[in-house]
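One-letter residues, chain by chain:
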Amino acid sequence: MVNAVLGECIWNLSYSERRMAIELELTVTLDDDAIGNLCCQFSITADYEGVGAKGSKFAFYL
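Note that the structure is a prediction, hence the values are computed from the model and not measured.

Turning next to the overall build of the protein. Counting its secondary structure elements, the protein contains two helices and four strands. Along the protein, from the amino end to the carboxyl end, the secondary structure elements read α-β-β-α-β-β. The C-alpha atoms of the protein give 11 Å as radius of gyration, which agrees with the globular expectation for 62 residues (11 Å, within 12%). Overall, the C-alpha framework of the protein stretches about 30 × 25 × 20 Å when taken along its three principal axes. Here the protein holds 62 residues, and 29% of them are scored as buried. Taking as baseline every contact in the protein between residues at least 6 positions apart, the subset at least 24 positions apart corresponds to 44%.

Residues Tyr15, Met20, Ile44 and Leu62 make up a contiguous nonpolar surface patch of roughly 420 Å² in combined accessible area. Mapping isoleucine 44 onto the fold places it in the loop between helix H2 (32-39) and strand S3 (46-51).

All right, on to the pattern of salt bridges then. Any two side chains of opposite charge can pair, given that their charged atoms come close. Tallied over the full model, the rule gives two salt bridges. Of the charged contacts, one joins arginine 19 and glutamate 23 as a salt bridge, the two residues approaching to 2.7 Å between their closest N and O atoms. Residue glutamate 23 is classed as partly exposed on the basis of its relative accessible area, which comes to 24%. Residue glutamate 49 pairs with arginine 19 through a salt bridge whose shortest N-O separation is 2.3 Å. One end of the pair, glutamate 49, is in strand S3; the other, arginine 19, is in the loop between strand S1 (10-16) and strand S2 (21-26), with 30 residues separating them in the sequence. On the basis of relative accessibility, which here comes to 24%, the residue arginine 19 falls in the partly exposed class.

Inspection of the secondary structure assignment puts glutamate 25 in strand S2. A distance of 2.6 Å separates a polar atom in the side chain of glutamate 25 from the backbone nitrogen of lysine 54. Each residue touching glutamate 25, except ones within four places of it in the same chain, is listed here: Cys9, Ile10, Trp11, Asn12, Gly52, Ala53, Lys54, Gly55, Ser56 and Lys57.

What counts and what doesn't
Residues numbered from 1 in each chain as written. Predicted model: local features only at pLDDT ≥ 70, side-chain atom pairs only at ≥ 80, totals over all residues. Heavy atoms only, no water. Helix = DSSP H or I, 4+ residues; strand = E, 2+ residues; numbered from the N terminus. Rg over C-alpha atoms; globule rule 2.2 N^0.38 Å. Buried < 20%, exposed > 50% of the residue type's maximum accessible area, 1.4 Å probe, protein only. Contact = heavy atoms within 4.5 Å. Patch = residues over 30% accessible without salt bridge, like charges linked within 9 Å, V, L, I, M, F, W, Y side chains within 5 Å. Areas by Shrake-Rupley, 256 points an atom, 1.4 Å probe, with all protein chains shown as cover. Salt bridge = Lys/Arg side-chain N within 4 Å of Asp/Glu carboxyl O. Polar contact = N/O pair within 3.5 Å; in protein donor to acceptor, adjacent residues only side chain to side chain.

Structure representation (structure tokens):
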């Protein structure tokens, strides 16, 4: 989904067992409109978590 909406910009994609969430960090920092548009594309809850080492960070809760 991320590649379809933004192109190839995934820096890190991992699963946190402690949080029971998929953690995603991009290679780009998104503005507020792009963050909202991306979060709306997913069928599970997606939260914006700020800017990480490379770009915008998100968590997807299972």
